[in-house]
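Listed below, chain by chain, are the residues.
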Amino acid sequence: MSIINIFRQYLPLCWFKQHPFELTRSINFLRLNLLFYFIVEYVLQANMTDDPFESFLEVSIETTLTLMFIGLLLFLNRALYAFVQVTTAIILCANIISLFIFPVLVWLTITEDILSYYFLGLLFLWDFLIVAYILRKALSINIPASLALSLFYFIATYLGAFALGQLI
């Protein structure tokens, strides 16, 4: 199956449709998404800091924590067989949202308009809710539990990467 067809399968997840287990399992597509994710996160991180090595380190830690968090959740739920699909789903949706974040960050940087902060907040909320949706479907849990796990995911990956980056 081609990359474009797999992309079309995963895209409805960004609109809270589809189940991650029903999607094509493609390690090559996961690798491409991880590479794109790493590059986008590095550019966003490098924009916030002046040290390219520090940005590289934090994005490396963040990516590792993301993979470990998803793997641990699926392992505890005895659904590790779906690691590729669930990881691809979360990373792909983060990549799609990142494409919307770039112009909003440029708008925010240039104008510092309050509306740009609202749009940025909405994009973060969208990302949070998509992760909750994917976790709810993948782990067969209720909405409050998926929201709590999504919050824990963001705390563990982003704040965890920041904290570990500061320690190193």
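Everything discussed here concerns the structure shown above.
We now turn to the structure provided with this report. Here the structure is a predicted model, which means the values were calculated and not measured. (Residues numbered from 1 in each chain as written. Predicted model: local features only at pLDDT ≥ 70, side-chain atom pairs only at ≥ 80, totals over all residues. Heavy atoms only, no water.)

### Comments concerning a nonpolar patch on the surface
The following threshold applies: Patches draw on residues past 30% relative accessible area with no salt bridge. Two like charges within 9 Å are joined, as are two nonpolar side chains (Val, Leu, Ile, Met, Phe, Trp, Tyr) within 5 Å. Residue-level accessible areas treat just the shown protein chains as cover; the underlying method is Shrake-Rupley with a 1.4 Å probe. Here, a salt bridge means any side-chain nitrogen of Lys or Arg that lies within 4 Å of a carboxyl oxygen of Asp or Glu. Only runs of H or I of at least four residues qualify as helices and only runs of E of at least two qualify as strands under DSSP, and these elements are numbered from the N terminus.
There is a patch of nonpolar side chains on the surface, built from F16, I114, L115, Y117, Y118, F119, L122, L125, L129, I143 and L147 and spanning about 1000 Å² of accessible area. Contributing elements (two or more residues each) for the nonpolar patch: α5 (114-139) and α6 (143-167). Counting residues per element, the nonpolar patch draws most heavily on α5, which supplies eight residues. As for its position among the elements, Y118 is in helix α5.

### Some remarks on the side chain of S98
Quick reminder of the rule: Any two residues whose heavy atoms approach within 4.5 Å at even a single point are treated as in contact.
Relative to the helices and strands, S98 resides in helix α4 (residues 83-111). Contacts of S98, omitting those with residues within four sequence positions, involve V40 and E41.

### With respect to the packing of aromatic side chains
Cut-off, in case you're wondering: When two rings of Phe, Tyr or Trp (its six-membered ring) have centres within 6.5 Å they constitute a pair, described as stacked for plane angles under 30 degrees, edge-to-face for angles over 60, and tilted for the intermediate range. Think of it in three bands: with a 1.4 Å probe and only protein chains considered, a residue is buried below 20% of the maximum accessible area for its type, exposed above 50%, and partly exposed in between.
The final tally for this structure, using the stated rule, is twelve aromatic pairs. Arranged with centres 5.7 Å apart and planes meeting at 90°, the rings of F16 and Y133 form a pair that is edge-to-face. Of this pair, F16 sits in the loop between α1 (3-10) and α2 (27-48) while Y133 sits in helix α5, and the two are 117 residues apart along the sequence. Among the residues examined, F16 registers a relative accessible area of 35% and is labelled partly exposed. For Y133, a relative accessible area of 10% corresponds to the buried category. With 5.7 Å between their ring centres and 50° between their planes, F100 and W126 make a pair best called tilted. Taken together, the residues span a long stretch of sequence, with F100 in helix α4 and W126 in helix α5 at a distance of 26 residues. One aromatic cluster is present, formed by F69, F128, F152, Y153, F154 and Y158 through successive ring pairs.

Just geometry here; none of it tells us what the structure is for.
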